[in-house]
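Each chain, letter by letter, is given below.
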Amino acid sequence: LVADSDGIYCPGHINDRMILGLKGAMAEYELHLIRARLGGGLRNKAKRGELEQNLPVGLDRNENGQIALSADEQVRHAIERVVCMWRRLGSARQIVTELVGEGQRLPRRTVGQRRVRWVRASYGAVHDFLTNPAYAGAFVFGRTRTEKYLADDGRVRRRTVQVPLEQWSVCIPDHHPGYVSWDEYLAGRERLRANVIRRGEGGGAAREGTALLQGIVRCGRCGRRMQV
């Protein structure tokens, strides 16, 4: 038997089974409407730039609820130094190498927490400083989306994928103070993309080294550059 606030039902009885099915369908549709209303409210708030999102390290909310640069001077200095090194070196990996060589640590913060921890410089941390639009003073919404896919074991799973900048739902430059300008942020994204070397394509022109044909030998089958 199945009981709710309206009565007791026997799933083996055709009439009771029909009522349970109708109640289940109505409850599912009502849940869909609630989610649609909540999602619509979030999108409307995001379009106005008023939706409160988790802020990365280096940005905080003041007493008026507005986004401002961190009050911690040490945190601000560390992020500004990464930006200055990026302008000078133009390579995220070279920034990491230089910071590690100097023993400099970078500030990090777990999502949803306020406590700042200092960790060894890593490519992920530097890449985040250079690619997160919040550091450019922009409010964005819809940078990622969730997709369903069928795994090898036959189960339906979810994954989060990055959305191209042109497809972001909301993008409001100059929304709050940042560490770089919006134009510099866009130029930095393009520079990072240009720095990416596809597997098998090597590093471009031949450089100094002891190898006889360094950087110019290609595979006779696939055409990709040979590498160690």
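Look up a bit, the structure's there.
Computed from a predicted model, the values in this text were never measured in an experiment.

Looking now at the packing of helix α2 (residues 73–89) against helix α3 (residues 92–102). The N-to-C vectors of α2 and α3 enclose an angle of 125 degrees; their axes lie 9 Å apart at closest approach. Between α2 and α3, the angle falls in the class oblique. Of the two elements, α2 crosses α3, and the hand of that crossing is right-handed. Residues R81, V82, M85, W86, R88 and L89 of α2 form the contact with α3, whose own contacting residues are A92, Q94, I95, E98, L99 and E102. When grouped by side-chain class, the residues that make up the contact of α2 with α3 number 7 nonpolar, 1 polar and 4 charged.

The next thing to look at is the packing of aromatic side chains. Applying the stated criterion to the full structure yields 3 aromatic pairs. Taken together, a centroid distance of 5.5 Å and an interplanar angle of 80 degrees make the contact between F129 and Y135 edge-to-face. The same class applies to F129 as to Y135, namely buried. Following the ring pairs from residue to residue traces out a cluster consisting of F129, Y135 and Y179. Its end group placed over the ring of F129, R108 keeps NZ or CZ at 5.9 Å from the ring centre. The ring of W86 has R191 sitting right over it, with the charged end atom 5.4 Å from the ring centre.

We now examine helix α5 (residues 182–195). With 14 residues, α5 extends 20 Å from end C-alpha to end C-alpha; this agrees with the ideal 20 Å at 1.5 Å per step. Taken as a whole, α5 has its buried residues at W182, Y185, G188, R189 and L192. For α5, the angular spread of the buried residues around the axis is 110 degrees, confining them to a single face. The exposed residues of α5 that point more than 90 degrees off its buried face are D183 and A194. For α5, the elements touching its buried residues are α2, α3, α4 (123–131) and β10 (170–172).

If you walk through the whole model with that rule in mind, you get 12 salt bridges. A salt bridge links D4 to K23, with the shortest nitrogen-to-oxygen separation between them at 2.9 Å. Taken together, the residues D4 in strand β1 (residues 2–4) and K23 in helix α1 (residues 14–47) connect sequence positions 19 residues apart. A relative accessible area of 35% places D4 in the partly exposed class. Judged by its relative accessible area of 29%, K23 is partly exposed. Note that R87 is salt-bridged to E184, the shortest N-O span being 2.6 Å. With R87 in helix α2 and E184 in helix α5, this residue pair connects regions lying 97 residues apart in the sequence. Residue R87 is classed as partly exposed on the basis of its relative accessible area, which comes to 45%.

Definitions and cut-offs
Numbers given for residues are sequential positions, taken from 1 along each chain in its written order. Under the rules for a predicted model, residues below a pLDDT of 70 receive no local features and side-chain atom pairs below 80 are neither given nor counted, while totals for whole chains, interfaces and linings still include all residues. Hydrogens and water are ignored here; the side-chain numbers use all heavy atoms of the structure. Inter-axis angles, ranging from 0 to 180 degrees, are taken between N-to-C directions of lines fitted to C-alpha atoms, where helices are fitted over the stretch in contact. Secondary structure counts use DSSP, requiring at least four H or I residues in a row for a helix and at least two E residues in a row for a strand, with both numbered from the N terminus. With respect to orientation, any angle under 35 degrees is reported as roughly parallel, any angle over 145 as roughly antiparallel, any angle of 65 to 115 as roughly perpendicular, and every other angle as oblique. Each crossing is labelled by how the near helix is turned from the far one, with a counterclockwise turn of less than a right angle marking it left-handed and a clockwise turn marking it right-handed. Throughout, a residue-residue contact means that at least one pair of heavy atoms, one from each residue, lies within 4.5 Å. Asp, Glu, Lys and Arg are counted as charged, while Ala, Val, Leu, Ile, Met, Phe, Trp, Tyr, Cys and Pro are counted as nonpolar; the rest, among them Gly, fall into the polar class. Classification of ring pairs rests on two measures: the distance between centres of Phe, Tyr or Trp rings, Trp counted by its six-membered ring, which must be within 6.5 Å, and the angle between planes, read as stacked under 30 degrees, edge-to-face over 60 and tilted in between. Exposure classes here rest on a 1.4 Å probe applied to the protein chains alone. A residue is buried below 20% of its type maximum, exposed above 50%, and partly exposed in between. The rule is short: NZ of Lys or CZ of Arg within 6 Å of the ring centre and within 35 degrees of the ring normal puts a charge over the ring. How far a helix is expected to stretch is found by multiplying one less than its residue total by 1.5 Å. This arc is taken over the directions from the axis of the helix to the C-beta atoms. Salt bridges, as used here, are contacts in which a Lys or Arg side-chain nitrogen is within 4 Å of a carboxyl oxygen on Asp or Glu.

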